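# A look at the structure
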Amino acid sequence: MEMKLGRPMPSGESKTRSVTILGSTGSVGRNTLDLIERSPDSFHVDVLTGHVNVDLLIAQARAFRPKLAVIAAEEKYATLKDGLAGTGVEVAAGASALADAAACPTDFVMAAIVGIAGLEPTLTAARRGAIVGLANKECLVCAGDFLISEVEKGGGRLIPVDSEHNAIFQVFDFAEDQSVEKLILTASGGPFRSLDRDQMIHVTPAQAVAHPNWDMGAKISVDSATMMNKGLELIEAYYLFPVTEDQIEILVHPQSVVHSMVAYLDGSVLAQMGTPDMRTPISFALGWPKRMPTPSRRLDFAAIGNLTFEAPDMTRFPALRIAREALRAGGAAPIVLNAANEVAVARFLSGGLKFLEIARVVEDALSRSNESAPVCIEDVAGIDATARRLAVDIIAAV
Ligand code: NAD
Ligand code: MG
């Protein structure tokens, strides 16, 4: 079968790959720049974007000298302009500037904005046929079919950066997809893997963002703690790979060494492994179709000793069940799931919602929403906005 994720590498690409990083000030963005800095002959950075952290964006632009630096928060425009005066770096601010940034003709775009805010620029990059390294899972959850179809129409390529999907991408036999029995998505279980529900009642944002294995942005860290992250990744996997929902299994693996697996009908199971360092999957996308060196710590199996696996607990982590139900329901449900989760996580992080309420708000929003399925990509934003208002109302009543 034809690979679902687009055609081979666009022809005419020069030896040095030009790069756009959407969300360069975040965790994935910073790791991407770290790799580029180590392979200066292979890449040049043309476009960087950030949201509010203007000082870091200025420092990055001074170091990498892109053509364009964009800050999403308009009130930071003057600071950015002053900070980059005399460097020759063009500066811009606001949502439309973000879309313009994605439209700049570069070979590769790292889609590393968090949340549905990254959807519009990612679609823009897909439409112009760029190779898109996709970290921003919320894009696929909210607009999976639309995004994949834009990639195909644009003639570019989508390379999954999320470590589990990157792992599956590395071991999935696209030429023999009918021989795939199932995908096994591994999950660390997050910081609260062994807490019972009573102990989870009082956990703080600081405890939730302290992930045992991965160093990530605040939102995805909270998602890992509720295990909504694995729920979002279930939906992400469904859109990325030619499998049905019931062919995707979730397995808790606390060491985060096996990043995910593909099981075939002959009983073989292929896994991709590595230490938990995002620079490995990021490098796979950045250099695709070639592998590139990374400083990621190497696996020492003898030192690790044991790899363990356990079934996920849907009672302590209801987000897993809720996300699977949203995928089964289809239509607007994954958009509502994502929107309510974004609102609830933001509220938890600012101290206005208890940890266990996050999944409850999402479930409530799903049961109260009566949105119909999006017919076109423009419908997605409307469903998202309505679901956000609904989540805000639900939280107000908590
Ligand atoms: P982060 O919070 O560290 O960074 C997010 C980036 O998005 C920042 O550059 C920020 O400026 C930008 N941003 C945020 N809101 C924005 C807005 N409204 N408009 C424009 N830009 C905005 O997040 P992260 O951990 O780097 O994660 C980024 C994405 O990658 C998420 O979708 C996450 O789920 C996914 N991901 C991250 C990791 C990881 O290791 N961090 C692993 C797998 C997947
Ligand atoms: Mg992941």
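Residues numbered from 1 in each chain as written. Chains lettered and ligands numbered in written order. Predicted model: local features only at pLDDT ≥ 70, side-chain atom pairs only at ≥ 80, totals over all residues. Heavy atoms only, no water.

### Some points on the overall build of the protein
In terms of helices and strands, the protein carries 17 helices and 11 strands. Here the protein has a C-alpha radius of gyration of 20 Å; the compact-globule value for 398 residues is 21 Å, and the two agree. Projecting the C-alpha coordinates of the protein onto the three principal axes gives extents of approximately 55 × 50 × 45 Å. Taking all 398 residues of the protein together, 57% fall into the buried category. Across the protein, every contact between residues at least 6 apart in sequence was considered, and the portion connecting residues at least 24 apart equals 68%. As displayed, the protein has an accessible area near 16,200 Å², and 52% of this comes from carbon and sulfur atoms. (Helix = DSSP H or I, 4+ residues; strand = E, 2+ residues; numbered from the N terminus. Rg over C-alpha atoms; globule rule 2.2 N^0.38 Å. Buried < 20%, exposed > 50% of the residue type's maximum accessible area, 1.4 Å probe, protein only. Contact = heavy atoms within 4.5 Å. Areas by Shrake-Rupley, 256 points an atom, 1.4 Å probe, with all protein chains shown as cover.)

### A short note on the pattern of salt bridges
For the structure on display, the rule yields 23 salt bridges. When the shortest N-O distance is used, the salt bridge between Glu357 and Arg360 registers 2.8 Å. Here Glu357 pairs with Arg360, and both are found in helix H16 (residues 357-368), just 3 residues apart, close to one helical turn. Linked by salt bridges that have partners in common, Lys137, Asp162, Glu164, Lys230 and Glu233 make up one network. (Salt bridge = Lys/Arg side-chain N within 4 Å of Asp/Glu carboxyl O.)

### Some remarks on the coordination of the magnesium ion (ligand 2)
On the protein side, the magnesium ion (ligand 2) has Asp162 (OD), Glu164 (OE) and Glu233 (OE) as donor atoms, found 2.1 to 2.2 Å from it. All donors of the magnesium ion (ligand 2) come from a single chain, and their spacing in sequence reads D-x1-E-x68-E. Relative accessible area serves as the criterion here: at 7%, Asp162 is assigned to the buried category. We classify Glu164 as buried; its relative accessible area is 8%. (Donors = N, O, S within 2.8 Å, 3.2 Å for Na, K, Ca; no water.)

### A short note on the packing of helix H4 (residues 95-103) against helix H5 (residues 119-127)
Contact geometry of H4 with H5 gives a least axis separation of 8 Å together with a crossing angle of 25°. With respect to H5, the axis of H4 lies roughly parallel. Judged by the sense of rotation from one axis to the other, the crossing of H4 with H5 is right-handed. The segment H4 lies against H5, with Leu98, Ala99, Ala102 and Ala103 engaging Pro121, Thr124 and Ala125. (Axes fitted to C-alpha atoms, helices over the stretch in contact; angles between N-to-C directions. Parallel < 35°, antiparallel > 145°, perpendicular 65-115°, else oblique. Left-handed = near helix turned anticlockwise from the far one by under 90°.)

### Observations concerning the sheet that holds strand S3 (residues 68-71)
Sheet strands pair via backbone hydrogen bonds, and the direction of the pair is either parallel or antiparallel. Ordered by their spatial adjacency, 7 strands build an open sheet running S4-S3-S2-S1-S5-S6-S7, and the pairing between neighbours is parallel. Looking at strand neighbours, the two that pair on one side only are strand S4 (90-93) and strand S7 (157-160), the edges of this open sheet. Strand-to-strand twist in this sheet, taken as the mean axis angle between neighbours without regard to direction, amounts to 20°. Where strand S1 (residues 17-22) lies against strand S5 (residues 108-111), 4 bridges are found, and the strand directions are parallel. (Pairing = 2+ DSSP bridges.)

### Side note on helix H6 (residues 137-154)
A rise of 1.5 Å per residue sets the reference length of H6, with its 18 residues, at 26 Å; its end C-alpha atoms lie only 20 Å apart and thus fall more than 12% short of the reference. Its axis deflected by about 105° at Ala143, H6 carries its strongest bend there. Among the residues of H6, Lys137, Glu138, Cys139, Leu140, Val141, Cys142, Ala143, Gly144, Leu147, Ile148, Glu150 and Val151 are the ones counted as buried. Directly after H6, the chain includes Gly155, whose backbone phi takes a positive value near 80°. (Expected span 1.5 Å × (residues − 1). Bend = angle between axes of the 7 residues up to and from the residue.)

### Details of the site of ligand 1
In the vicinity of ligand 1, 23 residues are found, and the nearest of them are Thr25, Ser27, His51, Glu138 and Gly217. Here an oxygen atom of ligand 1 sits 3.4 Å away from a polar atom, N or O, in the main chain of Val114. Here Ala135 contributes a backbone N or O atom positioned 3.4 Å from an oxygen atom of ligand 1. When isolated, ligand 1 has an accessible area of 820 Å², and the protein chains bury 88% of it. Among the elements of the structure, helix H1 (27-38) and H6 are those that each provide at least two residues to the shell around ligand 1. Among the residues forming the shell around ligand 1, the class breakdown is 11 nonpolar, 9 polar and 3 charged. (Near = heavy atom within 4 Å. Polar contact = N/O pair within 3.5 Å; in protein donor to acceptor, adjacent residues only side chain to side chain. Nonpolar A, V, L, I, M, F, W, Y, C, P; charged D, E, K, R; others polar.)

### Things to note about the nonpolar core
Ranked by internal contacts, the top residues of the largest apolar core, which has 129 residues, are Phe172, Leu183, Phe241, Leu337 and Phe355. Of all the elements, helix H15 (residues 333-349) adds the most residues to this core, at 10 residues. Residues contacting Phe355, with those up to four places away along its chain left out, are Phe192, Met200, Val203, Ala225, Thr226 and Phe348. (Core = buried A, V, L, I, M, F, W, Y, C linked by side-chain atoms within 4.5 Å.)

### Observations regarding the pairing of strand S10 (residues 258-264)
Within a regular strand, side chains alternate between the sheet's two faces. With 7 of 7 residues buried, S10 lies mostly within the body of the structure. Relative to S10, strand S8 (residues 180-187) is paired through 4 bridges, and the arrangement is antiparallel. Across the sheet, the residue bridging to Val180 is Tyr264, located in S10. By the bridge criterion, 5 bridges tie S10 to strand S11 (residues 269-273) in an arrangement that is antiparallel. Bridge pairing in S11 links Ser260 to Gln272. Two successive antiparallel strands, S10 and S11, enclose a turn made up of 4 residues, where Gly267 displays a positive phi of approximately 95°.

By themselves these figures say nothing about function.
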